[in-house]
Amino acid sequence: MDGLHGDDAFGASSNPAMKWRDQMARRFQYYLDKSTPHAGLRWVGTLVMAAIYCLRAYFVQGFYIVTYGLGIYLLNLLIGFLSPQVDPESEGPALPTKGSDEFKPFIRRLPEFKFWYAFTKALVVAFTLTFFSIFDVPVFWPILLMYWIVLFVLTMKRQIRHMIKYKYVPFSLGKQELNSA
């Protein structure tokens, strides 16, 4: 029974690679936790990464399929970010539909931090893929770009109609004030 307590039961403390991995995971989580209240700085860093990715794709003149896949994934994330957690179409009116209804805060299906984290991870993966020529599939990029633009416009049109129909705004515009007559 001497070696069967704590991490020793699975051999994690005796394996240096597992120790190092666990230590790196804890350090990574520590920095993620520290970055949580700094949304503006997080997004600036991510946008700088996106600009670097765009420059890399431009100068390499390739990886259009990777960029298209990244664009589709980011569009999917954006829809989750703009959608309410409970869809009023399927669950009934959870959001207020009249001015006299009770105020219910907008709760996103995909919270801002998870949106940012998934966005950043996708950029890192796409950037890494640009270093492997197997992912540089030759395509006519203007067709992909036009298809993505059409997809974006149609998706956003549907999302905006949904917002108007159920009267919700997915952005906080400050403290709400009551109109006094």
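About the thresholds
Residues numbered from 1 in each chain as written. Predicted model: local features only at pLDDT ≥ 70, side-chain atom pairs only at ≥ 80, totals over all residues. Heavy atoms only, no water. UniProt positions renumbered as here; feature names shortened; annotations may be inferred. Helix = DSSP H or I, 4+ residues; strand = E, 2+ residues; numbered from the N terminus. Salt bridge = Lys/Arg side-chain N within 4 Å of Asp/Glu carboxyl O. Phe/Tyr/Trp six-rings, centres within 6.5 Å; stacked < 30°, edge-to-face > 60°. Lys NZ or Arg CZ within 6 Å of the ring centre and 35° of its normal. Axes fitted to C-alpha atoms, helices over the stretch in contact; angles between N-to-C directions. Parallel < 35°, antiparallel > 145°, perpendicular 65-115°, else oblique. Left-handed = near helix turned anticlockwise from the far one by under 90°. Contact = heavy atoms within 4.5 Å. Nonpolar A, V, L, I, M, F, W, Y, C, P; charged D, E, K, R; others polar. Buried < 20%, exposed > 50% of the residue type's maximum accessible area, 1.4 Å probe, protein only. Expected span 1.5 Å × (residues − 1).

K.L.:
What is the right way to look at the UniProt feature "transmembrane region" (unreviewed entry) in the chain in this model?
P.N.:
Here, UniProt's "transmembrane region" (unreviewed entry) annotation points to residues 65-82, 115-133 and 139-156. Measuring from the first to the last C-alpha atom of residues 139-156 gives 26 Å, for a span that is 89% helix and 0% strand.

K.L.:
Before we go on, may I ask you to explain the pattern of salt bridges in this structure?
P.N.:
Pairing between side chains of opposite charge can happen when their charged atoms approach one another. Counting across every chain of the model gives two salt bridges. The partner of Asp 22 in a salt bridge is Arg 21, and the shortest N-O contact between them spans 3.2 Å.

K.L.:
Which parts of the structure should I look at to understand unusual backbone geometry?
P.N.:
Positive phi, normally seen in glycine, also occurs at Gln 61, with a value near 55°. You can see Gln 61 is positioned in the loop between α2 (39-60) and α3 (64-82). For Phe 63, which is not glycine, the phi dihedral falls at a positive 60°. Here Phe 63 is to be found in the loop between α2 and α3.

K.L.:
Just checking my understanding: could you explain the packing of aromatic side chains for this structure?
P.N.:
Taken as a whole, this structure holds 14 aromatic pairs when the rule is applied. Their ring planes at 45° and their centres at 5.3 Å tell us that Trp 43 and Phe 115 sit as a pair that is tilted. With a gap of 72 residues between them, Trp 43 in helix α2 and Phe 115 in helix α5 (residues 112-129) connect regions that are remote in the sequence. Taking 5.5 Å as the distance between ring centres and 45° as the angle between the ring planes, the aromatic pair formed by Phe 113 and Trp 116 counts as tilted. Pair noted here: Phe 113 and Trp 116 are both in helix α5, with a separation of three residues, about one helical turn. These aromatic residues form a ring-pair network of at least three members: Phe 28, Phe 113, Trp 116 and Tyr 117. The side chain of Arg 56 reaches across the aromatic face of Phe 131, ending 4.0 Å from its centre.

K.L.:
I would appreciate a short explanation of the packing of helix α1 (residues 16-35) against α5 in the present structure.
P.N.:
Helix-helix packing is characterised by the crossing angle of the two axes and by the distance between the axes. α5 packs onto α1 with a crossing angle of 130° between their chain directions and a minimal axis gap of 12 Å. One element, α1, and the other, α5, form an angle in the oblique class. In this structure, α1 crosses over α5, and the sense of that crossing is right-handed. Facing Phe 28, Leu 32 and Ser 35 of α1, the residues of α5 in contact are Phe 113, Trp 116 and Tyr 117. Classifying every residue of the contact of α1 with α5 gives five nonpolar, one polar and no charged.

K.L.:
I tried to follow the environment of Gly 69 on my own but got confused; where do I start?
P.N.:
Among the structural elements, Gly 69 can be located in helix α3. Note on Gly 69: relative accessible area 37%, which makes it partly exposed. The sequence separation of Gly 69 and Ala 122 amounts to 53 residues, and the corresponding C-alpha distance is 9.7 Å.

K.L.:
Could you clarify how one ought to interpret α3 in this entry?
P.N.:
Spacing of three or four residues puts side chains on the same side of an α-helix, whose turn is 3.6 residues. The end-to-end C-alpha separation of α3 is 27 Å, in line with the 27 Å expected for 19 residues at 1.5 Å each. Residues of α3 that are buried: Val 66, Tyr 68, Leu 70, Gly 71, Leu 74, Leu 75, Leu 77, Ile 79, Gly 80, Phe 81 and Leu 82. As for α3, its buried residues are in contact with α2, α5 and α6 (141-166).

K.L.:
Help me out: how do you make sense of α6 in this one?
P.N.:
For α6, spanning 26 residues, the distance from its first C-alpha to its last is 37 Å, which sits close to the expected 38 Å at 1.5 Å a residue. Listed as buried for α6 are Leu 144, Thr 155, Met 156, Gln 159, His 162, Met 163 and Tyr 166. Just downstream of α6, Lys 167 is the residue with a positive phi angle, here 50°.

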